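So you can see what is in the structure, the chains are spelled out below.
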Amino acid sequence: MDFGSNYIVLSLLEEAFAAGRSIIYGTTSTGAHISDFFARLKENNYQAISADELVNALLKHEQLPEKSIVITIDDGYDDNYTYAFMTAKKYQMIMNFMIPTRLIGKPGYMNWDHLREMHNNEYARIYNHTATHAPLGYILKGQITTELTDSSEDFKRELGFDTHIFAYPYGS
C-alpha cells in the first residue's frame, strides 16, 4: 500500500478479515494484523470517511479531504461486530458495513441488537447488501426487486432508516 497517495478506497473482505489479513484492491495483503493496519493508517493521518461522504463528493464534484479512506466490510458475520466494529471504535475510524438483512440473527451472523448499537455509533455506517446475499447477476428481475425491497423494509423496520447506498453481493 502506498501511504503517500492522497486517496485510497480500501475494502476489507470478510474471509481475509477473519484470518487477520486485509484485501486491498482485490489482492490479499498478508503479514500485518488488521489492528496493526489500522494503527498504521492512524499514524499516517488517514481519515476514514463514510460511503455516503464519498458518493456525495463524487456527485457534487467536490474534493475529498486529503488522505481520505473508505473502509468497507461485507456480509454481516458475527466477527464484523466483535472484531471489526471494535477495531473501528478503538482507532476512531469510520467503517462501512454492507449487510444482507435476512442473514442477520442466523448462526455465525450479527443480530439486530448489534446493528442497532452500530447504527447509533459514530464509527459505523450500515448499508444495503440485499436481503439474502443473492448473486444478482444470476437471478430474475422479480427476484432482484424482492431482494432490494425486502432489505430496505428490514432496515426501515429494525433500524428506522432508509439506505441509499447499495453494495452488490459477489460484485455481480
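About the criteria used
Residues numbered from 1 in each chain as written. Predicted model: local features only at pLDDT ≥ 70, side-chain atom pairs only at ≥ 80, totals over all residues. Heavy atoms only, no water. Helix = DSSP H or I, 4+ residues; strand = E, 2+ residues; numbered from the N terminus. Buried < 20%, exposed > 50% of the residue type's maximum accessible area, 1.4 Å probe, protein only. Polar contact = N/O pair within 3.5 Å; in protein donor to acceptor, adjacent residues only side chain to side chain. Contact = heavy atoms within 4.5 Å. Core = buried A, V, L, I, M, F, W, Y, C linked by side-chain atoms within 4.5 Å. Axes fitted to C-alpha atoms, helices over the stretch in contact; angles between N-to-C directions. Parallel < 35°, antiparallel > 145°, perpendicular 65-115°, else oblique. Nonpolar A, V, L, I, M, F, W, Y, C, P; charged D, E, K, R; others polar. Pairing = 2+ DSSP bridges. Right-handed = clockwise from strand over helix to strand, strands pointing away. Salt bridge = Lys/Arg side-chain N within 4 Å of Asp/Glu carboxyl O. Expected span 1.5 Å × (residues − 1).

Draft legend 1. The side chain of serine 151, seen in detail. Structurally, the position occupied by serine 151 is in helix 6 (residues 141-159). Its relative accessible area of 0% is what places serine 151 among the buried residues. Among the polar contacts listed, one links the side chain of serine 151 to the backbone oxygen of leucine 148, at a separation of 3.1 Å. With near-sequence residues (within four places) excluded, serine 151 lies in contact with Thr101, Asn128, Thr130 and Ala131.

Draft legend 2. A look at the nonpolar core. Ranked by size, the top nonpolar core spans 30 residues in total, and within it Met95, Phe97, Ile99, Leu115, Met118 and Ile126 carry the most contacts. Sorting the residues of this core by element identifies helix 2 (34-43), strand 5 (68-74), helix 4 (78-91), strand 6 (95-99), helix 5 (112-119), strand 7 (124-128) and helix 6 as the ones contributing at least two each.

Draft legend 3. Structural detail: the packing of helix 5 against helix 6. Direction vectors running N to C along helix 5 and helix 6 enclose 75°, while the axes themselves pass 10 Å from each other. It follows that helix 5 is roughly perpendicular to helix 6 by the angle criterion. In this structure, helix 5 contributes Trp112, Leu115, Arg116 and His119 to the contact, and helix 6 contributes Asp154, Phe155, Glu158 and Leu159. Of the residues in the contact of helix 5 with helix 6, the class split is 4 nonpolar, 1 polar and 3 charged.

Draft legend 4. Layout of the pairing of strand 5. Among the 7 residues in strand 5, 7 count as buried, and that is most of the element. Of the two faces of strand 5, the one carrying Ser68, Val70, Thr72 and Asp74 and the one carrying Ile69, Ile71 and Ile73 are both buried. Here 3 bridges tie strand 4 (residues 47-49) to strand 5, and the two strands are oriented parallel to one another. Bridge pairing links isoleucine 49 to valine 70 in strand 5. For the crossover that starts at strand 4, traverses helix 3 (residues 51-59) and ends in the parallel strand 5, the hand is right-handed. Of the pairings in the sheet, the one linking strand 5 to strand 6 comprises 3 bridges and is parallel in character. Bridge assignment links isoleucine 73 to a residue of strand 6, and that residue is phenylalanine 97. Remark: the strand 5/helix 4/strand 6 crossover connection has right-handed handedness.

Draft legend 5. Expanded view of the pattern of salt bridges. Within the structure shown, the criterion is met by 8 salt bridges. One salt bridge in this structure joins aspartate 154 and arginine 102, with 2.7 Å as the shortest N-O distance. Pair noted here: aspartate 154 is in helix 6 and arginine 102 is in the loop between strand 6 and helix 5, with a separation of 52 residues, a long-range link. Judged by relative accessible area, aspartate 154 falls into the buried class, the value being 1%. With a relative accessible area of 36%, arginine 102 lands in the partly exposed category. Its salt-bridge partner being aspartate 113, residue arginine 116 comes within 2.8 Å of it at the nearest N-O pair.

Draft legend 6. Region of interest: helix 6. Its 19 residues give helix 6 an end-to-end C-alpha distance of 27 Å, which sits within 8% of 27 Å, the value for a rise of 1.5 Å per residue. The inward-facing, buried residues of helix 6 contact strand 6, helix 5 and strand 7.

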